[in-house]
Amino acid sequence: MTSVKALKPETKTKNETQNAEATQLNKGVQNRMLGIFKAREAGLVAIILIICIAMSFASPYFLTWQNFRAMLLSFSIEGIVVVGMTILLIVGGIDLSVGSVVCLAMVIGGKLFLMGMDPWSASLIAILACGFIGFLMGQCVTRIGLHFFIVSLAFMVIARGLSLLITKGTPQSLFTLPPSFKFIGQGDIAGMPFVIILFFALVVFFDLLLRHSTIFRKVYYTGSNEKAALFSGIKTKRIKILCATLCGLLSGVAGVVYMARFGAATPQFGIGMELSVIAAAVIGGASLNGGSGTIFGAVLGAALLSLVTSSLILLDVPVYWQDIIRGLILLVAVSADHLLNRRKRSASAKS
Amino acid sequence: MQPILEVHDIHKSFGPVQALRGVQLSLMPGEVHALMGENGAGKSTLMNILSGVFPPDQGRIHFKGRDIILSDPAKAQAHGIGLVHQEIALCPDISVAENILMAATNARTSFLMNDRELRERAKKVLADLMPIPVDEKVGNLPIASQQIVEIAKALTLDCDVLIFDEPTAALTDSEAEALFRIIADLKARNIGIIYISHRMAEIFAISDRITVFRDGTFIDTLMTEDTSPDEVATKMVGREILHQFPAKNPDLKGGMSSVMSVRELSDDGFLKDISFDLREGEVLGLGGLIGAGRSELAHAICGLSRKTTGSVAMRGKPLNIESYAESIRNGLVYLSEDRKGSGVFLDLSIAANITALDLRHVSSKGFVLQREEEKRAEELGRLLSLRCAHVSQPVSALSGGNQQKVAIAKMLSVHPDIIIFDEPTRGVDVGAKSEIYTILRNLASKGVGVLVISSEMPELIGLCDRIIVLHEGRVAGEVEDENMTEEKIMKLASGLSRQNAVVKERELAS
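Because the structure is a prediction, the values reported are computed rather than measured.

A word on the overall build of chain A. Tallying secondary structure elements over chain A gives 14 helices and 4 strands in all. Looking at the 351 residues of chain A, the share that counts as buried comes to 45%. Contacts in chain A between residues far apart in sequence, at least 24 positions, make up 77% of those at least 6 positions apart.

Spelled out as structure tokens, the structure:
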């Protein structure tokens, strides 16, 4: 998008003949840029539209506001975690602990509230605690030199243990939460659930940051080739810690929103969430090798998974099939992307 | 005139290994100072110290009149010392423009990117070098262009000292020429340049002084105009190298039988109608610019990539190879140009590497017999005069030249009839180079078909009996005897002249 805007004024300043040449050249570059940059997102939008059209014929309930609202709701909160995960994947990390950390935020917030703290302060502390867990993971990775996979696996178990410890293994009921707080998870603004608004606000915010801010450019550099980033003077360790912390904070936010939505804190919540979150980010174009991915793409990935799930439910597909189908979608999406990229690479290497 | 940079008595050790024992170097502004030495002599260690990658254990770095401490790469760049890396350190997923100006982006204080300015600046830098599209992702570029991006990146740093660590290793001669023009330009701007290379010819073409290191010690600093390549080589290895290239095979003329004949080989869209013969007892060279399809041809011949039409025959018997495994079974092996990437397993032992292609000979009932494996590795190692403490050492502990010998030993373990060597001496020092040449020549005289791909023209000319030159996926011609000159090869490689007639004749004759 930015390339299109930036190139236009430049062509005007040149004289006629050069102008024609330059526009042609720029168009080629533009097209290729759009092609590479947009291929994933455009493909996902197309697939989502196709499924929507097909479903609108297959089920009379599909094209209703209730259904869309339910679908949006179903991935909005988890979507907040997807945003954090995508950032961490871009820097070359991964976080298996998100499900446990979401649950921990919920449990800490709930416990502090039950102990008499006001829910806003309790939530803030819960979110910061989750950010701190991310920060600790970043420290383990950069100081000791461990891999994110292992560190977050350990913290996944630790955070789950903490949740069970705090609640002594039993769900906490939080029906006494004040309505002003419950509004975060249950309220509507002009018929639109607040959760969805919050989610899209975060998405737009982080998408813009990732595209245009210098600090997030360094995230891409670090993820793409840490050595190259280091030699450009980038403090890659700090960047990695930042991303891990951010992922923890966003997981904390999601946990607090879940708490407000359900009015309860269950220590078993969020088991397996990391897998669907990673799947969404990867379907949306993030690479496990780091260096690529966009928030917008990841959100489309999450939307696709949610759409497929609700379509399968509407079509009365047995519940056992749903996981199998979602797994296959992940496989197909990633393979298609990989194969396309390989062709592109070999073609340009030869020219 | 005062030197701009002086290093005194630098020591550095990594664990028990002493990489540098008190080396010195002084650099004048506007000077091209070549640093030479075999692999492991400590050149790269000193350059890493100068660019802030790690600190010296001992010693002083005196820069622009005062002592400085370089704690990290950013510090070194801030002082004005830039490094062009030997191994390409770029972000493959990021655009050319962003890669070139990465350090500038890092130094930016503003919160938002200015992509337009970034592209303009990148275009300006590349204008002097090579027309590379600045919006392309670096990972989509061929290696030579990536090397240019790496160089462009260093040029954007406002440096007083610029270090080039083997910048021409992946470049063809014409690209190297462009680089030398830039270096001359930098020199005129009074920038001090430290230049590391194994290519003697270019050192003598562009440097003012030459400093030689050996085994982590300073040997000598010489004025380039007062010395000779032989003197430098002698100082580097500490003994005299008599002949760099072994004698060619004198009785090759015509009559020898063909070991391998390739006929009208094409792949989907790039290689076109390639035909040639590899004759018994000869070392055949495959020349051409980078991107001419030399490696692609090798891949197509030995089943690493698919060929669409054409045939390959070995000693008259047609070969139908679908995979590289089949190729190995048929006695046709390929030594990759990318030694660290696909030539050897760096973390595995020398023995495990050497026997990797032929585990059956050293195992019984599915278990690898370690003693057999080591015995076999030692045999082959001796044959190639491999220098190592023990064959159980990891390959990563060896110098480039010895790593390459391990890779060659791996090929020999299956008793191949034909070996294709892709850049066999890349990143290998002078002493080991001449040993590898001897190995190739000996193989050829024992009747093994030897096909050598190389970007270094003096190497092809010195080593080969005959050279086939490719241009854009086609055979541009072949040279032999007195026609084997850089000029002739260059003309063919750049597509200026074609000798299709010669090739056609040969086809008719066979």
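After that view, the rundown keeps rolling.
Residues and elements named next belong to chain B. With 13 residues, helix 5 (residues 115–127) ought to run about 18 Å at 1.5 Å a step, and its terminal C-alpha atoms sit 18 Å apart, in line with that. Leu 118, Arg 119, Ala 122 and Leu 126 are the residues of helix 5 that are buried. Looking down the long axis of helix 5, one finds its buried residues gathered within 95° of arc, a one-sided arrangement. Facing away from the buried side of helix 5 by more than 90 degrees, the exposed set consists of Lys 124 and Ala 127. Lining the buried residues of helix 5 we find helix 3 (96–100) and helix 6 (143–156).

All right, on to the domain arrangement of chain B then. Residues and elements named next belong to chain B. Segmentation of chain B into domains returns domain 1 (5–237) and domain 2 (258–331 + 416–509). Centre-to-centre separation of domain 1 and domain 2, based on C-alpha positions: 33 Å. Between domain 1 and domain 2, the residue contacts involve 14 residues of the former and 13 residues of the latter. Of all the elements, helix 9 (residues 229–237) adds the most residues to the side of domain 1 that touches domain 2, at 3 residues. Considering only residue class, the side of domain 1 that touches domain 2 consists of 8 nonpolar, 3 polar and 3 charged.

Residue and element names in this part refer to chain B. In terms of burial, strand 7 (residues 161–165) is largely enclosed, as 5 of its 5 residues are buried. Residues of strand 7 alternate between two faces, with Val 161, Ile 163 and Asp 165 on one and Leu 162 and Phe 164 on the opposite face, all of them buried. As judged from the 4 bridges shared by strand 6 (residues 81–84) and strand 7, these two strands associate in the parallel manner. Paired with Ile 81 across the bridge in strand 7 is Val 161. When strand 7 meets strand 8 (residues 192–196), the two strands line up parallel, connected through 5 bridges. Bridge pairing in strand 8 places Phe 164 opposite Tyr 195. Of the crossover connections in this fold, the one passing from strand 7 over helix 7 (residues 173–188) to the parallel strand 8 is right-handed.

Residue and element names in this part refer to chain A. Per-residue pLDDT for chain A has a mean of 85; in total, 85% of the residues score no lower than 70. pLDDT under 50 marks residues 1–37. Its contacts with residues more than four places away, or in other chains, come to 19 contacts. Low confidence marks residues 344–351, where pLDDT is under 50. Its contacts with residues over four positions away, or in another chain, come to 6 contacts.

A separate point is the interface of chain B and chain A. On the side of chain A, 29 residues touch chain B, which itself brings 27 residues to the contact. The set of elements that each furnish at least two residues to the side of chain B that touches chain A consists of helix 2 (73–79), helix 4 (102–107) and helix 5 of chain B. Broken down by element, the side of chain B that touches chain A gets its largest block of residues, 4 residues, from helix 4 of chain B. For the side of chain B that touches chain A, the residue count by class is 15 nonpolar, 6 polar and 6 charged.

What follows is about the confidence of the model for chain B. Summarising the model, chain B shows a mean pLDDT of 83, and 93% of its residues fall at 70 or more. Within the model, the stretch residues 500–510 of chain B combines pLDDT values under 50 with 7 contacts to residues more than four positions away or in other chains.

Moving on, we come to the packing of helix 3 (residues 65–90) of chain A against helix 12 (residues 273–283) of chain A. Residue and element names in this part refer to chain A. Where helix 3 meets helix 12, the closest approach of the two axes is 9 Å, and the angle between their N-to-C directions is 65°. In this structure, helix 3 meets helix 12 at a crossing whose hand is right-handed. Contact residues: helix 3 offers Glu 78, Val 81, Val 82, Met 85, Thr 86 and Leu 89, while helix 12 offers Met 273, Ser 276, Val 277, Ile 278, Ala 280 and Ala 281. Looking at the contact of helix 3 with helix 12 residue by residue, the class counts come to 9 nonpolar, 2 polar and 1 charged.

Below, the discussion takes up the nonpolar core. Counting residues in hydrophobic clusters, the biggest one holds 171 residues, and the most contacted among them are Val 82, Met 85, Ala 105, Cys 243 and Ala 281 of chain A. No other element matches helix 11 (residues 236–262) of chain A, which puts 16 residues into this core. Beyond its immediate chain neighbours, meaning those up to four positions away, Val 82 of chain A contacts Val 277, Ala 280, Ala 281, Ala 298, Val 299 and Ala 302 of chain A. Among the nonpolar cores identified, the runner-up in size contains 75 residues, and Met 260, Ala 352, Ile 419 and Ala 432 of chain B belong to it.

A separate point is the sheet that holds strand 22 (residues 474–480) of chain B. Residue and element names in this part refer to chain B. A sheet is described by the order of its strands in space; here 6 strands give the open sequence 16-19-20-13-21-22, paired in mixed fashion. With one partner strand each, in any of the chains shown, strand 16 (332–335) and strand 22 form the two edges of the open sheet. Direction aside, neighbouring strands of the sheet carry axes that sit 20° apart on average. With 4 bridges connecting them, strand 13 (residues 283–287) and strand 21 (residues 466–471) associate as parallel partners.

What follows is about the environment of Leu 312 of chain A. All names here are of chain A. As for its placement among the helices and strands, Leu 312 is situated in helix 13 (residues 295–314). Judged by C-beta crowding, with 16 C-beta atoms within 10 Å, Leu 312 ranks as partly exposed. C-alpha separation for the pair Leu 312 and Ile 325, spaced 13 residues apart in sequence, amounts to 9.2 Å. Setting aside chain neighbours within four positions, we find Leu 312 in contact with Val 317, Trp 321, Gln 322 and Ile 325.

Turning our eyes to something else, we now look at helix 10 (residues 294–301) of chain B. All names here are of chain B. Within helix 10, 8 of the 8 residues are buried, leaving the element largely enclosed by the surrounding structure. All of the buried residues in helix 10 are Arg 294, Ser 295, Glu 296, Leu 297, Ala 298, His 299, Ala 300 and Ile 301. Within two residues after helix 10, Gly 303 carries a phi angle of roughly 80°, on the positive side.

Bringing the sheet that holds strand 10 (residues 217–223) of chain B into the picture now. Hydrogen bonds along the backbone pair up the strands of a sheet, which may run parallel or antiparallel. Residue and element names in this part refer to chain B. The sheet built from 6 strands is open, its strands ordered 6-7-8-3-9-10 with mixed pairing. In this open sheet, the two edge strands, each paired with only one partner strand, are strand 6 and strand 10. Taking the axes of each pair of neighbouring strands and ignoring which way they run, one obtains an average angle of 20° across the sheet. For strand 3 (residues 32–36) and strand 9 (residues 209–214), the ladder comprises 4 bridges, and the chain directions are parallel. Directly across from Ala 34, in strand 9, lies its bridge partner Ile 210. Helix-sheet contacts for helix 7 involve strand 3, strand 7 and strand 8, and the interaxial angle to strand 8 is about 150°. Contacts from helix 9 reach strand 3, strand 9 and strand 10 within the one sheet, and its direction differs from that of strand 9 by about 25°.

Calculation rules
Each chain carries its own residue numbering, running from 1 in the written order of its sequence. Whichever chain is written first becomes A and whichever ligand is written first becomes 1, with later ones labelled in order. Side-chain atom pairs in this predicted model are given and counted only at pLDDT of 80 or more, local residue features only at pLDDT of at least 70, and totals for whole chains, interfaces and linings cover all residues. Put simply, DSSP H or I for four residues or longer makes a helix, DSSP E for two residues or longer makes a strand, and each gets a number counted from the N terminus. Here a residue counts as buried when 20 or more other C-beta atoms sit within 10 Å of its C-beta, as exposed when there are 12 or fewer, and as partly exposed otherwise, the C-beta atoms being derived from the backbone. For every residue pair, C-beta atoms are placed from the backbone, and the pair is scored as a contact if these atoms sit within 7 Å. Here the expected span of a helix is defined as 1.5 Å times the quantity of residues minus one. The reported arc concerns the directions from the helix axis to the C-beta atoms and nothing else. Here the bounds of each domain stem from an automatic or database domain assignment. In this count, Pro and Cys sit with the nonpolar residues alongside Ala, Val, Leu, Ile, Met, Phe, Trp and Tyr, while Asp, Glu, Lys and Arg are called charged and the others, Gly among them, polar. Two strands are counted as paired when DSSP detects at least two bridges linking them. Looking down the strands as they point away from you, a crossover is right-handed if its path from the first strand over the helix to the second goes clockwise. The predictor rates its confidence in each residue with pLDDT, a number between 0 and 100. Axis angles are defined between N-to-C directions and span 0 to 180 degrees, where every axis is a line fitted to C-alpha atoms and, for a helix, only to the segment in contact. By definition, any crossing whose near helix is turned counterclockwise from its far helix by less than a right angle is left-handed, and any crossing with a clockwise turn is right-handed. To define a nonpolar core, we join buried Ala, Val, Leu, Ile, Met, Phe, Trp, Tyr and Cys residues through C-beta atoms within 7 Å and take the resulting set.

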